[in-house]
Amino acid sequence: MNTPHEPDELLTIGEMGRRTGVAASALRYYEDLGLIASVRSAGNQRRYPRHMLRRVSLITVAKRLGMPLSDVDEAFGDVPMDSTPSHADWQRASRRWKARLEDRRRAIERLEHELTGCIGCGCLSLKACALLNPDDALAATGAGPRRLHVEDEDEDSAES
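Everything quoted here is computed from the prediction, not taken from an experiment.

Attention now moves to helix H3 (residues 52-64). Residues three or four positions apart in an α-helix share a direction because the helix packs 3.6 residues into each turn. The terminal C-alpha atoms of H3 lie 19 Å apart, and with 13 residues this matches the ideal 18 Å at 1.5 Å per residue to within 8%. Looking only at H3, the buried set comprises Met 52, Leu 53, Arg 55, Val 56, Ile 59, Thr 60 and Ala 62. At the C-terminal side of H3, Gly 66 shows a positive phi close to 80°.

In structure tokens, the structure reads:
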């Protein structure tokens, strides 16, 4: 029979790892990035508040989706780490995360459309490249797949 858990129960790094399937080294890394937090015991050992289980699980989901940890940090934004987050806290984070996923979906769809006729960086259609990159204009912006970051560059120039 399951025993009730106290909301202020603290978990060792080993317990956190077993419960989430995340290695202790990854937990320390997430903590270094400020994605999760622990407190220290009298013996200077990490102890994680029980509510960190959800944060670590969501980080794992984000990684499976290929989301950068910086996006996770942005989505968690104002979700408190020093107390159990409320339903409203998680709803706000969910809306931010959903918006970011929608942005990524649109960027992938745009890329899929632009790459029709091309595979990787080796073009299979000189006619298509002449339409997407007339006179090799993108060469001036540097080597590599320059069109992949059009959205990011637009955002950067908008912030300037």
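Let's shift gears to a nonpolar patch on the surface. A cluster of nonpolar side chains, Val 61, Leu 65 and Leu 101, forms an exposed patch at the surface whose accessible area comes to about 230 Å². With respect to the element layout, Val 61 can be found in helix H3. Exposure remark for Val 61: the relative accessible area of 37% places this residue in the partly exposed category.

This structure, assessed with the given rule, holds 9 salt bridges. The closest approach of N and O atoms between Glu 9 and Arg 50, which form a salt bridge, is 3.1 Å. Residue Glu 9 is found in the segment before strand E1 (10-12), and its partner Arg 50 is found in the loop between strand E3 (46-49) and H3; the two are separated by 41 residues along the sequence. Among the residues examined, Glu 9 registers a relative accessible area of 27% and is labelled partly exposed.

Glancing now at the sheet that holds E3. Strand order across the open sheet formed by 3 strands is E1-E3-E2, with antiparallel pairing between neighbours. The open sheet terminates on both sides in strands that have one partner only, identified here as E1 and strand E2 (39-40). Two elements, E1 and E3, share 3 bridges in a ladder whose sense is antiparallel. Paired with Thr 12 across the bridge in E3 is Arg 47. Contacts from helix H1 (residues 13-20) reach E1 and E3, with the element oriented near 90° to E1.

The next point concerns H1. All buried positions along H1 are accounted for by Met 16, Gly 17 and Thr 20. Buried positions in H1, seen along its axis, are confined to an arc of 100° and lie on one side of it. Exposed side of H1, more than 90 degrees from the buried face: Arg 18 and Arg 19 are the residues found there. Buried residues along H1 sit against E1, helix H2 (24-33), E3 and H3. Directly after H1, the chain includes Gly 21, whose backbone phi takes a positive value near 80°.

Met 16, Leu 27, Ile 36 and Ile 59 are the most contacted members of the largest nonpolar core, which totals 21 residues. Those elements that place two or more of their residues in this core are H2, H3, helix H4 (69-76) and helix H5 (87-114). Considering every element that reaches this core, the biggest residue donor is H3, with 5 residues.

About the thresholds
Residues numbered from 1 in each chain as written. Predicted model: local features only at pLDDT ≥ 70, side-chain atom pairs only at ≥ 80, totals over all residues. Heavy atoms only, no water. Helix = DSSP H or I, 4+ residues; strand = E, 2+ residues; numbered from the N terminus. Expected span 1.5 Å × (residues − 1). Buried < 20%, exposed > 50% of the residue type's maximum accessible area, 1.4 Å probe, protein only. Patch = residues over 30% accessible without salt bridge, like charges linked within 9 Å, V, L, I, M, F, W, Y side chains within 5 Å. Areas by Shrake-Rupley, 256 points an atom, 1.4 Å probe, with all protein chains shown as cover. Salt bridge = Lys/Arg side-chain N within 4 Å of Asp/Glu carboxyl O. Pairing = 2+ DSSP bridges. Contact = heavy atoms within 4.5 Å. Axes fitted to C-alpha atoms, helices over the stretch in contact; angles between N-to-C directions. Arc of directions from axis to C-beta. Core = buried A, V, L, I, M, F, W, Y, C linked by side-chain atoms within 4.5 Å.

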